[in-house]
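# Coordinate inspection notes
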Amino acid sequence: MAGADIIIRNTQLIDGTGGPMTAADVAITGDRISAIGPNLGTDAAEQIDAGGLALAPGFIDAHTHDDRIVLADPGMACKISQGVTSVVTGNCGISIAPVRLSERPPAPLDLIGQEPKAFFATFSEYFAALDQSPPAVNVIAQVGHSSLRVMAMSDLNRTATAAEIETMRSALRQSLEQGAAGFSTGLAYQPAHEASTEEIEALAEVVAEFKGFHSTHMRDEGAGVMDSLAETFRIGRTAEIPVIVSHHKCAGIPNHGKSEITLPYIEKALANQRITLDCYPYVASSTVLDPYRVQEASNTVIAWSTTRPEFAGQDLTDIASEMGVDIAQAIEALQPAGAIYFNMHEDDVRRILSFPQTMIGSDGLPHDEHPHPRLWGTFPRVLGHYSRDVGLFGLEEAVRKMTSLTAQTFGIKDRGVVAEGCFADLVLFDPKEIIDSATFAEPVKPAAGISRVFVNGSCVWQEGAATGLRPGRGLQRQGLTPLNFAA
Ligand code: ZN
Ligand code: CU
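Just so we're clear, the structure is a prediction, and the values are computed from it rather than from any experiment.

All right, on to unusual backbone geometry then. When glycine is set aside, most residues are seen to have a negative phi, and most peptide bonds are trans. The residue after A97, namely P98, is reached through a cis peptide bond having omega -10°. The topology assignment puts P98 in the loop between β7 (84–89) and α3 (123–132). At the junction of A107 and P108, the peptide bond is cis and its omega measures out at 5° in the coordinates. Inspection of the secondary structure puts P108 in the loop between β7 and α3.

Dropping the structure here:
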C-alpha cells in the first residue's frame, strides 16, 4: 500500500454493519480510509501492529448535551477515552442556539450553560466558533424546541400563539439552513410541557422541508409512556419525518416492566414509519432536580447545586437529615441543582438495549460537579459488561448500535462504517479488557481496554492518554442532499 500515512496491521475488523469480524489491515491516507485488506504491507509513514485487537468505526454518541463542552473543554477526554469520535448535541429540546438571553436561562437549559453569554444567537455563529477552535470530536447539532420557545415567547406556561409559532418556524428554518441537523423536543420539561401537539407539528413541518428528523424526550416516561409514544408517532406521521425516542425508559416503580408493552408497540408502528430509540446502560437517570422525579425514584443523589455545591455526590435523604429539614425543603434549599435518580428496572434496561432499533447514547452531563457515570462509561459498559459479560448481544451488534445505525439515523455521511473512502474515525480496543471504570461513587474515570482512537485520520487517544490533537469538525447538513452531512 504505497503512499498511505498510517497502516494498522493485524486487526480483527468490526466494520459497523453488524457483520462478523474478520482479520484485516486498514490504511489511512489523509482523513480517509484508503485501503482495507489482508497484508497491506509496510509501506506507510507510520506502522501500527494491532496485535489482533478489534478495530471498529469510531463510536457516535447519539444523545449528548455536549453543545458547550466541545468549546469549553475541547479535548473531550470524557468521550474520546471511550472511543467516541462524534457527538450529537441539542437533545431534549435544549440547544445552544438560536438563543438570546439577558439573564440565567430557565432549567433545564442551565444544564448546558448558566450564563447568557454561553448561548449563540445563530447556528452560523456556533459553527464558526467550532471552526475557530475545533474539538477532538465531530459535532452534529440539533435545534432544541425549548431553546426556540425561550427565544420566541414571553410566557412559557402555555401553548404558543400563531405569531410565536411563526417566529419559531423561521428561526428553525434559518438554523437548518445554517447546518443544524434536525429538531429535538423536551416535552417533559417545564419550558415545553404546555406546548400542544399541534405546536410541535407546525415546527415538524419545517423540519420535513429539510428532510430532517425529530428526537424527543417525551412528555411522560412513566405512567403515561404509551400515550407519549402515540403522540411521538403521530407527529412523525403528520410531518412525514423519522422520529427518535430519546433515552427510552419506564420510570418509576409502578411502571417497571412496561417495556414488555412499549417495545411491541414500537415494533408495530415501525411498519408505517421510521423510528429509532436511544438508551444508556444504567438503571438511574439524571437531570435537573425536581420534586416529581425525586418522588418516583428509590433514591436520589445530588449531581450539582449552585447554592450548596458541597452536597454534590451526596444522597438527598442524608442531606435533608444533615440540614434538619424534610425532603421538600432540602430540594428548595439546593436549587438550582441537578440530580441522579434511581428510577428504572434492570430488566427494562436490558430489553430496551437489546431492541434492534436502539442506538447507544450517553445522555452524559459534562458540566455537572458529580456527574452520572454514563458520561465516562456508557460505550465500554455496553461492550464489556452487557455484550461480553452478560451476553445480551454479540460484539458486532453492540458496535452496530453505536456506529452505522446512528449514522443512518442522523444522516451522517461516510462515517459509522469502516469502508474504503470513508472518514478515518476509528477505535482500536481489546474485546477481552474493555470495561467502564466510572461508578456512581467515582464517576470521573477513563474506561479500560481502549488502545487508540482516530478522528479524521489523526490519533486523539493512545494507551490511556489524550494526544492533545483536536481534529474534530462541525458536521453541517448539506443543503442539496437531504440526510447527508459533509465536513
Ligand atoms: Zn432527556
Ligand atoms: Cu438528554
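Right, let's get into the nonpolar core. Counting residues in each nonpolar core, the largest one holds 102 residues, and the members touching the most others are F59, Y126, L172, L383 and F429. Broken down by element, this core gets its largest block of residues, six residues, from helix α7 (residues 197–209). In contact with Y126, not counting residues within four places along its chain, are D67, V70, L71, I96, F120, V139 and A141. Ranked by size, the runner-up nonpolar core spans 18 residues in total, among them L13, A24, L426 and C459.

Turning our eyes to something else, we now look at the sheet that holds strand β9 (residues 182–186). Sheet architecture is open: eight strands sit in the order β6-β7-β8-β9-β10-β11-β12-β16, paired in parallel fashion. Lying at the two open borders of the sheet, with one neighbouring strand each, are β6 (59–61) and β16 (358–360). Each adjacent strand pair in this sheet contributes to an overall mean axis angle of 30°, direction not counted. Across three bridges, strand β8 (residues 138–144) lies against β9 in parallel orientation. Residue pairing for β9: V143 is matched across the bridge by F183.

Here we come to the packing of aromatic side chains. According to the stated counting rule, one finds ten aromatic pairs in the structure shown. A centroid spacing of 6.0 Å and a plane angle of 10° characterise the contact between F59 and F379, whose relative ring orientation is stacked. Of this pair, F59 sits in strand β6 while F379 sits in helix α14 (residues 374–389), placing them 320 residues apart in sequence. When its relative accessible area of 0% is taken as the criterion, F59 is described as buried. Residue classification places F379 among the buried residues on the basis of a relative accessible area of 0%. Judged by centre distance (6.4 Å) and plane angle (45°), the rings of F123 and F127 are tilted. You can see F123 and its partner F127 sitting in helix α3, four residues apart, about one turn around the helix. For the pair formed by F123 and F127, the shared burial category is buried. In textbook terms, an aromatic cluster arises when at least three aromatic residues are bridged by ring pairs, as seen for F120, F123, Y126 and F127. Directly above the aromatic system of F423 lies the positively charged group of R32, at a separation of 3.9 Å from the ring centroid. In this arrangement the basic side chain of R381 is found over the ring face of Y282, its NZ or CZ atom lying 4.9 Å from the centre.

Another point: the coordination of the zinc ion (ligand 1). With distances of 2.0 to 2.3 Å, the protein atoms coordinating the zinc ion (ligand 1) are C92 (SG), H217 (ND1) and H247 (NE2). Counting along the primary sequence, the residues that act as donors to the zinc ion (ligand 1) give the motif C-x124-H-x29-H. Separation of the zinc ion (ligand 1) from the copper ion (ligand 2) amounts to 3.0 Å, with C92 serving as a shared donor to the pair. With C92 in the loop between β7 and α3 and H247 in the loop between β11 (243–245) and α9 (259–269), the pair connects residues that are 155 residues apart, well separated along the chain. Here the two residues C92 and H247 agree in accessibility, since each one is buried.

We now examine the domain arrangement of the protein. The domain architecture assigned to the protein consists of domain 1 (4–57 + 418–433 + 444–466), domain 2 (59–284 + 341–410) and domain 3 (285–340). One C-alpha centre belongs to domain 1, the other to domain 2, and the line joining them spans 29 Å. Taken residue by residue, the interface counts 28 residues in domain 1 and 21 residues in domain 2. When domain 1 packs against domain 2, the two sides together hide about 1,900 Å² of surface, and 70% of this comes from carbon and sulfur. On inspection of domain 1 and its partner domain 2, the count reaches eight residue pairs in polar contact (both at pLDDT 80 or more). If one sorts the elements of the side of domain 1 that touches domain 2 by residue count, strand β18 (residues 450–455) sits on top with four residues. Per-class residue counts for the side of domain 1 that touches domain 2 are 19 nonpolar, five polar and four charged.

Basis of the calculations
- Residues numbered from 1 in each chain as written.
- Chains lettered and ligands numbered in written order.
- Predicted model: local features only at pLDDT ≥ 70, side-chain atom pairs only at ≥ 80, totals over all residues.
- Heavy atoms only, no water.
- Helix = DSSP H or I, 4+ residues; strand = E, 2+ residues; numbered from the N terminus.
- Core = buried A, V, L, I, M, F, W, Y, C linked by side-chain atoms within 4.5 Å.
- Buried < 20%, exposed > 50% of the residue type's maximum accessible area, 1.4 Å probe, protein only.
- Contact = heavy atoms within 4.5 Å.
- Pairing = 2+ DSSP bridges.
- Axes fitted to C-alpha atoms, helices over the stretch in contact; angles between N-to-C directions.
- Phe/Tyr/Trp six-rings, centres within 6.5 Å; stacked < 30°, edge-to-face > 60°.
- Lys NZ or Arg CZ within 6 Å of the ring centre and 35° of its normal.
- Donors = N, O, S within 2.8 Å, 3.2 Å for Na, K, Ca; no water.
- Domains from an automatic or database assignment.
- Buried area = accessible area lost by both parts, 1.4 Å probe.
- Polar contact = N/O pair within 3.5 Å; in protein donor to acceptor, adjacent residues only side chain to side chain.
- Nonpolar A, V, L, I, M, F, W, Y, C, P; charged D, E, K, R; others polar.

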